[in-house]
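# Analysis of the macromolecular model
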Amino acid sequence: MKKNKYIQTFCNPAALWALLWVAFQLWVVVRGSYSALIMRPVHVCFGMGLVFLSFPLLKKNKVPKGQVYWPKWYEYIFFAATVLCGIYMLLNGERYDTRMAFVDPLTPMDNVVAVVMILLLIECSRRAVNMALTIIVLVFIAYGFWGEMLPGMLAHSNMPFSKFIEVQVFSTGGIFGSPVSTACGTVFYFLLFGAFLTATPAGQLFVNISTLFTRKANGGSGKATIVASALFGMISGSAPGNVASIGTIMYEPMKQQGFDNRFTGSILAIGGTAGQLIPPVMGAAAFIMVDMAGISYPTIMLAAVIPSFIFLAALYFLVDMYSKKNGLQKPDINVADCRRAIISHIHLLLSVVVLVVLIIQGGSMMRCCTYATIALILLCMIRKDTRLSFYELLKALVSTGRQAVIVTLPCALAGIIVGQITATGLGIRFSSMINALASNSLLLALVATMLMALVLGMGMPTSAAYIMSATLLCPSIIKLGVPALAAHFFVFYFANLSMITPPVALSSFTAAGIVGDNMWKLGLEAFKYSFIIFLIPYTFVYSPAMLGVGSALEIIQVAVTCLIGAYGLSMALIGHGIAPMKLIERPLAVAAAICLVIPEFYSDILGVVLMLALLGIQWSRKKKAAAQAA
């Protein structure tokens, strides 16, 4: 007997709970948001409930990807406790809003619910996030209670249990702080829009547009991968998700054209990470930056334009030079079919236009994304082949809930860390430590900040990595005179680049699984090819023109010199520019690139001279080779 697809897909506890979560979030758009200590706890409890219905207590009970997990009887105990905590917070929300924190006493039941909620959250982290973040959270909790036992600047007077509960659960300085606020009021609705984009032919549309634009270029499939990663990443905002989505489509075309597996995986990993840095979405961390830095989202979007363009240009140069060095030809595609597919689905991009226009007009993010999603559904109705069935609509809603867990839980866990850092004064002491280490040298402070941001971000979701880095590291470099926008962008970039930084590089590991290569070797290869991107954040600090701050001449100068620098460094990494490079020319190209990236007039002149000399030598060599061949 044939199984009903609706029953098979949606008649399970996790799918039903995910649908209820999405329904609640959409009700909030209609009704208006609840107060912070109602909306945020309920949102987190929805996320935790979905974890207990989707991720088993024991690894041996895991089911293969694509199969439905039916929770064991004891999972419902965790789920029931989560639901009761959420209901308790909802019923007592008005009392929490009117009481004076740290003054009005909490009831014994308040303390019980708070402890249960924290324990449940830590268990959710173990199941659905990773052990690295779970251990870090436990370390910070322990630091709050037993910090006086540590030596020197790390020591602090121990935190009473009552203060810990107040900070973490009954205020907006802990679990339910600005990261969770951003997750439930902004990111959730972008995930909703992204889920519907993926459910429609819009995702394939990005690939078709990229393929068409790069069809006449050497190594066109590799360049199409970069453009597709940029277009899809603008909406998805998840580095590993971007790698998986584009990689599964573009791996075979790149392989057929002759790209090496390791190089293909490196481009997928770096391109997927680039997606989190490209406006308008830029991942969850960008929305969190709005709250943490006090900078409007349109300002952040505009500031990201030039750096993201140079990021993508550097990738494009790498693919172009690799193709020339290995003699890869132009891709063989059916242009008529490609154009026909684009014309059939191009109207779906109007939903992205609606989203961007609404954001620029200053609408709330939840309404901007909801209206854009509605616009997308209506646009799909225009053509028969793009219409969403009721099944596909429900599937997109369930997908939204499942993806939201990946953002909500790290934000809640990061809130615990931020609360402990603030309550113990660790942030101030950490800032003093960096200043002492750097001896008031801005460059040393930036290098220390970069290394710490990369270490904090290893194996962690970007949003959690950015929150910790911004809390611990930004204040120290701001004290040295760095503008808040530049300081937060500096940390934001390295929190993202931790995705391709060994030993724990999530984007590289995802790409390695797609191309079937060793994840450690591919991770090192991707790290090597991303070297130019590690230099870009330093220009934010020394030349804010890179972020669009300054005169038109300053902005053009820094953009052009960095672009030429990216070209020079790509030559050095591949060993091919206009013609094959000799060994001695590669370090000279690196030197020229670094001079061009440094935002100083004389270093720019030196870099240009070196680049012109290198290109002249290669041009001469190419002409000689052509004459000999003739």
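Residues numbered from 1 in each chain as written. Predicted model: local features only at pLDDT ≥ 70, side-chain atom pairs only at ≥ 80, totals over all residues. Heavy atoms only, no water.

Turning our attention to the overall build of the protein. For the protein, the helix and strand inventory stands at 31 helices and 0 strands. Taken over C-alpha atoms, the radius of gyration comes to 25 Å for the protein, in line with the 25 Å a tight globule of 630 residues would show. In terms of overall dimensions, the protein has a C-alpha envelope of 90 × 70 × 50 Å along the principal axes. When each of the 630 residues of the protein is scored for burial, the buried share is 56%. Within the protein, contacts between residues separated by at least 24 positions form 75% of all contacts whose residues are at least 6 apart in sequence. (Helix = DSSP H or I, 4+ residues; strand = E, 2+ residues; numbered from the N terminus. Rg over C-alpha atoms; globule rule 2.2 N^0.38 Å. Buried < 20%, exposed > 50% of the residue type's maximum accessible area, 1.4 Å probe, protein only. Contact = heavy atoms within 4.5 Å.)

Now for the environment of Ile-556. Take Ile-556: it is sitting in helix α29 (residues 552-574). On a C-alpha basis, the gap between Ile-556 and Phe-79 in space is 56 Å, while along the polypeptide they are 477 residues apart.

The tally for this structure, following the rule as stated, stands at 0 disulfides. Cys-184 takes part in no disulfide bond, and the closest cysteine sulfur to it belongs to Cys-411, at a distance of 9.5 Å. Considering cysteine sulfurs only, Cys-369 is the nearest to Cys-368, which forms no disulfide, with 6.5 Å between them. (Disulfide = S-S within 2.5 Å.)

A surface patch of nonpolar side chains, amounting to about 300 Å² of accessible area, comprises Leu-150, Met-153, Leu-154 and Met-433. Along the chain, Leu-150 falls in the loop between α7 (131-146) and α8 (161-168). (Patch = residues over 30% accessible without salt bridge, like charges linked within 9 Å, V, L, I, M, F, W, Y side chains within 5 Å. Areas by Shrake-Rupley, 256 points an atom, 1.4 Å probe, with all protein chains shown as cover. Salt bridge = Lys/Arg side-chain N within 4 Å of Asp/Glu carboxyl O.)

Further remarks concern the packing of aromatic side chains. Under the defined criterion, the tally for this structure stands at 28 aromatic pairs. Summarising the aromatic geometry, the rings of Phe-489 and Phe-540 are spaced 5.9 Å apart at their centres and angled 85° between planes, so their arrangement reads as edge-to-face. Within this pair, whereas Phe-489 is found in helix α25 (residues 484-497), its partner Phe-540 is found in helix α28 (residues 531-542), the two being separated by 51 residues in sequence. By the burial criterion, Phe-489 is buried, and Phe-540 matches it. Both rings, one in Phe-490 and one in Phe-494, keep their centres 5.0 Å apart while their planes meet at 70°; by these two values the pair is edge-to-face. Here the residue Phe-490 and the residue Phe-494 both occupy positions in helix α25, the gap between them amounting to 4 residues, near one helical turn. Look at Phe-490 and you get buried, because its relative accessible area is 0%. (Phe/Tyr/Trp six-rings, centres within 6.5 Å; stacked < 30°, edge-to-face > 60°.)

Attention now goes to helix α10 (residues 202-213). Relative to the 16 Å expected for 12 residues at 1.5 Å per residue, α10 spans 17 Å between its end C-alpha atoms, a close match to the ideal helical length. For α10, the buried fraction is high: 10 of the 12 residues fall into the buried class. Turning to α10, its buried residues number three or more, namely Ala-202, Gly-203, Leu-205, Phe-206, Val-207, Asn-208, Ile-209, Ser-210, Thr-211 and Leu-212. (Expected span 1.5 Å × (residues − 1).)

For the coordinates displayed, the defined rule picks out 12 salt bridges. Here Asp-320 makes a salt bridge to Lys-223, at a shortest N to O gap of 2.7 Å. On the criterion of sequence distance, the pair formed by Asp-320 in helix α16 (residues 305-326) and Lys-223 in helix α11 (residues 220-236) is long-range, its members being 97 residues apart. A single burial state applies to Asp-320 and to Lys-223, both of which are buried. For Glu-525, the salt bridge goes to Lys-528, with nearest N and O atoms at 3.9 Å. Of this pair, Glu-525 and Lys-528 both sit in helix α27 (residues 519-529), 3 residues apart, roughly one helical turn. With a relative accessible area of 36%, Lys-528 lands in the partly exposed category. Through salt bridges with shared partners, a single network forms among Glu-75, Glu-123, Arg-126 and Arg-127.

Glancing now at the side chain of Thr-370. Summarising the element assignment, Thr-370 is placed in helix α19 (residues 365-380). Given a relative accessible area of 8%, Thr-370 falls into the buried group. Apart from residues lying up to four places away in sequence, Thr-370 is in contact with Leu-26, Val-29 and Tyr-189.

Right, let's get into α29. An ideal rise of 1.5 Å per residue puts 33 Å on 23 residues; α29 measures up with 33 Å between its terminal C-alpha atoms. Count one or two residues on from α29 and you reach Gly-575, which has phi positive near 85°.

A few words on the side chain of Glu-585. Within the secondary structure, Glu-585 sits in helix α30 (residues 585-597). Contacts of Glu-585, omitting those with residues within four sequence positions, involve Leu-614, Ile-617, Gln-618 and Arg-621.

Another aspect to go through is the packing of helix α9 (residues 178-199) against helix α20 (residues 390-424). Contact geometry for α9 and α20: axes closest at 8 Å, N-to-C directions at 150°. As α9 packs across α20, the resulting crossing turns out to be right-handed. Here Pro-179, Val-180, Ala-183, Val-187, Phe-188, Leu-191, Leu-192, Ala-195, Phe-196 and Ala-199 of α9 lie close against α20, whose contacting residues are Leu-393, Ala-396, Leu-397, Ser-399, Thr-400, Gln-403, Ala-404, Val-407, Thr-408, Cys-411 and Ala-412. (Axes fitted to C-alpha atoms, helices over the stretch in contact; angles between N-to-C directions. Left-handed = near helix turned anticlockwise from the far one by under 90°.)

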